[in-house]
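Chain residues, written in single-letter form:
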Amino acid sequence: LSKGKIGEINAHLLGMVVVGKILMNALARGDVPEDQRRDFYLYLDEFQNVTTESISQILSEARKYHLCLIIAHQFIGQLKEEISKAVFGNVGSMVAFRVGPDDAEFLQKQFEPIFMANDLVNVDNYNCFARVLVNSELSKPFNMKTYPPTKGDQVAANYLKELSRLKYGRDANIVNREIMERAKFARQKMSESSL
């Protein structure tokens, strides 16, 4: 959903639709006995671009539906206050790389007394502070070293893409035809209801 390729408004709209559908399906798991619910991981980078008013409810209820949300964004001020409260009220594990002074003041509460705001502002590249949920209990905050991404294996990546396409992909012409049929059906229903 690259903003540079499809535009900011389209990326935001598509992101909200896709995330909304995934979250609706997660909530539909209420009909499945808890011991039969498999964990489902949803990674949301640039989280602020796909937030809606209902995200607060989803954040508080996702765990019982075995929806594991991994959300990332640049700074806390990108989120509306109610969404920020929902995020920090329901977060399990938290990892913070270098942050600005405003965020450091806020995050200090999450990492003190081990790490203070000054530590959060001055952490070295590829280092971070973490506080993780283990067996329903929060660990003491600790520092962690990460490594920059490597080039990777393009051949393996291409095989994985092809495998995914073969398993989950559908012919674009068929998908487009289905969309047009649904749109035609929806227009017919709207014209019938206006009569």
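Computed from a predicted structure; not experimentally measured. (Residues numbered from 1 in each chain as written. Predicted model: local features only at pLDDT ≥ 70, side-chain atom pairs only at ≥ 80, totals over all residues. Heavy atoms only, no water.)

1. Some words on the overall build of the protein
- Looking only at helices and strands, one finds eight helices and seven strands in the protein.
- For a compact globule of 195 residues, the expected C-alpha radius of gyration is about 16 Å, and the protein comes in at 21 Å, more than 25% above that figure.
- Taking the principal axes of the C-alpha coordinates as reference, the protein spans close to 65 × 45 × 40 Å.
- Scored against the burial criterion, the 195 residues of the protein give a buried share of 25%.
- Of the contacts made within the protein by residues no fewer than 6 positions apart, 57% connect residues no fewer than 24 positions apart.
- Of the roughly 14500 Å² of accessible surface on the protein, a fraction of 56% belongs to carbon and sulfur atoms.
- Looking at charge distribution, the protein has the averaged site of its 25 positive side-chain charges lying 7 Å from that of its 24 negative ones. (Helix = DSSP H or I, 4+ residues; strand = E, 2+ residues; numbered from the N terminus. Rg over C-alpha atoms; globule rule 2.2 N^0.38 Å. Buried < 20%, exposed > 50% of the residue type's maximum accessible area, 1.4 Å probe, protein only. Contact = heavy atoms within 4.5 Å. Areas by Shrake-Rupley, 256 points an atom, 1.4 Å probe, with all protein chains shown as cover. Lys, Arg positive; Asp, Glu negative; His and termini not counted. Charge placed at Lys NZ, Arg CZ, Asp CG, Glu CD.)

2. As for the sheet that holds strand β4 (residues 127–131)
- Pairing within the open sheet is antiparallel, and its three strands lie in the order β3-β4-β7. Two strands lie at the open edges of the sheet, namely β3 (94–96) and β7 (142–145), each paired on one side alone. Between one strand and the next, the sheet's axes are offset by a mean angle of 30 degrees, whatever the strand orientation. (Pairing = 2+ DSSP bridges. Axes fitted to C-alpha atoms, helices over the stretch in contact; angles between N-to-C directions.)

3. Some details on unusual backbone geometry
- Residue Pro-113 is reached from Glu-112 by a cis peptide bond, and omega for that bond is 5 degrees.
- Unusually for a residue other than glycine, Tyr-126 sits at a positive phi of about 60 degrees.
- At Ser-136, a residue that is not glycine, the phi angle is positive and equals roughly 65 degrees.
- Within the secondary structure, Ser-136 is located in the loop between β5 (133–134) and β6 (137–138).

4. Comments concerning the confidence of the model for the protein
- On average, residues of the protein score 85 in pLDDT, and 97% of them are at 70 or above.
- By mean pLDDT, the top-scoring element of the protein is β7 (96), and the lowest-scoring one is helix α1 (residues 3–6) (73). (pLDDT = per-residue confidence, 0-100.)

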